[in-house]
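Geometric and topological summary
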Amino acid sequence: MVCFLQSSISILTLCFFSSPFCCKVRAFLNYNRIPYDIVEVNSVLHTETKWSFYDRVPIVVVENESLQLNDSSLIVSAIESYLREPTKTFKNIMKLYQSIVEKDPKGKLNFSYPNRYEIVEAPLVNRLELTAKLDEQPQTQTQSFFARFFWRSKPTAPTVQPKQQKRSLEENQLERQWREWVDNKFIHVLSPNIYWTLRQSLDTFRWFSKAGEWEDIFPWYQRWFIVYAGAIVMRLVAIRLKKKYQLNDDVRLSLYECGDEWANAVGDKDFLGMLTD
């Protein structure tokens, strides 16, 4: 997914419909009611992202600051920091998220972001002052609940409100703990379960084609190539991930273990984290 973020914090997203990392960013944007457009990226040819040295998705571009954000966790942290302190520019916020770029023996650039889980916390007075200013501005009409989750063109969006409630150190640590758990454990059991067999992998990509409306996006030959080549590639990826992360022979058990771990952490509460603002 590639996102273009404007000063009004409206976003254009270029994404793999099937990517869990892109789904994570979309879920974050949806939860915070931040409007965005979607452009589907060819998951095999990557034609739509040839302009970027960073060859993965998602990507976010802040249009009015000519700034590119990479890595799904960094994107979530940077936008969350902006929502907590929107008086700052993204360029100032991104000073916290310095990247390390290394070149492998084949000449490929590898990007890493050591501080990608850090959140910038704004003083409460800054948030209250900005909220008071935004309350004076007229609000535009928003779309329906389902439109916010499934739109493919830019909706008419309300002004994005800054977050007023300051979180405690314990709440931030808990949030970071489970964000790291998603990236380091849970996400690695998904592909082996989704692409368990070649047949399931092919059926999954056919569903991606239908749900992602690829018939309206890609020519038939590209769509055919994405479905069949993608199914084979992801089946091989699933085999590699199962071996690399030492999952159970029955990968469903590894998925159930993650579900149990999450459910036990939630316990009797409605949510694992704090209440919404």
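As the structure is a prediction and not an experimental result, all values here were calculated from the model.

1. Some points on the overall build of the protein
When you go through the protein residue by residue, the secondary structure sums to 9 helices and 7 strands. With 277 residues in all, the protein has 41% of them scored as buried. Within the protein, residue pairs in contact and separated by at least 24 positions form 63% of the contacts whose partners lie at least 6 positions apart. Surface accessibility of the protein: about 15,900 Å² in total, with carbon and sulfur atoms responsible for 56%.

2. Describing the packing of aromatic side chains
All told, the structure shown has 12 aromatic pairs when counted by the stated rule. With a centroid separation of 4.6 Å and an interplanar angle of 15 degrees, the aromatic rings of Y82 and F90 are classed as stacked. The buried category is assigned to Y82, whose relative accessible area is 16%. When the centroid spacing of 6.2 Å and the interplanar angle of 75 degrees are considered together, the rings of W214 and F218 count as edge-to-face. W214 sits in the buried class, given a relative accessible area of 2%. Given a relative accessible area of 6%, F218 falls into the buried group. In this structure an aromatic cluster arises from ring pairing among W178, W181, F186 and W262.

3. Here we look at unusual backbone geometry
Going from V57 to P58, the amide bond is cis rather than trans, its omega being 10 degrees. Its place among the elements puts P58 in the loop between β3 (36–40) and β4 (59–62). Residue R33 is not a glycine yet carries a positive backbone phi of 55 degrees. Among the structural elements, R33 can be located in the loop between α1 (20–31) and β3. You can call R33 exposed: its relative accessible area is 53%.

4. Brief notes about the nonpolar core
Counting residues in hydrophobic clusters, the biggest one holds 30 residues, and the most contacted among them are L29, L69, I79, F90 and M94. Taken together, the elements giving at least two residues each to this core come down to α1, β3, β4, β5 (67–70), α2 (72–84) and α3 (90–93). Here this core gets 7 residues from one element, more than from any other, and that element is α2. Among the nonpolar cores identified, the runner-up in size contains 11 residues, and F205, W214, V227 and A231 belong to it.

5. With respect to the packing of α2 against helix α6 (residues 169–194)
At a minimum axis separation of 12 Å, α2 and α6 run at an interaxial angle of 155 degrees. One element, α2, and the other, α6, form an angle in the roughly antiparallel class. Crossing of α2 over α6 shows right-handed handedness. Contact residues: α2 offers S73, V76, S77 and R84, while α6 offers N172, E175, R179 and D183.

6. What to know about the packing of α1 against α2
Packing of α1 against α2 brings their axes to within 9 Å, and their N-to-C directions diverge by 15 degrees. With respect to each other, α1 and α2 are oriented roughly parallel. α2 is crossed by α1, and the crossing has right-handed handedness. Between α1, through F21, K24, V25, F28 and L29, and α2, the contact on the second element is made entirely by S72, S73, I75, V76, I79, E80 and L83.

7. Brief notes about helix α9 (residues 251–266)
The end-to-end C-alpha distance of α9 is 23 Å, a good match for the 22 Å that 16 residues give at a rise of 1.5 Å each. Along α9, the positions that sit buried rather than exposed are V251, S254, C258 and V266. An end-on view of α9 places all buried positions within 120 degrees of arc, on one side of the element. Looking one or two places after α9, you find G267, whose phi comes out positive at around 65 degrees.

Basis of the calculations
Residues numbered from 1 in each chain as written. Predicted model: local features only at pLDDT ≥ 70, side-chain atom pairs only at ≥ 80, totals over all residues. Heavy atoms only, no water. Helix = DSSP H or I, 4+ residues; strand = E, 2+ residues; numbered from the N terminus. Buried < 20%, exposed > 50% of the residue type's maximum accessible area, 1.4 Å probe, protein only. Contact = heavy atoms within 4.5 Å. Areas by Shrake-Rupley, 256 points an atom, 1.4 Å probe, with all protein chains shown as cover. Phe/Tyr/Trp six-rings, centres within 6.5 Å; stacked < 30°, edge-to-face > 60°. Core = buried A, V, L, I, M, F, W, Y, C linked by side-chain atoms within 4.5 Å. Axes fitted to C-alpha atoms, helices over the stretch in contact; angles between N-to-C directions. Parallel < 35°, antiparallel > 145°, perpendicular 65-115°, else oblique. Left-handed = near helix turned anticlockwise from the far one by under 90°. Expected span 1.5 Å × (residues − 1). Arc of directions from axis to C-beta.

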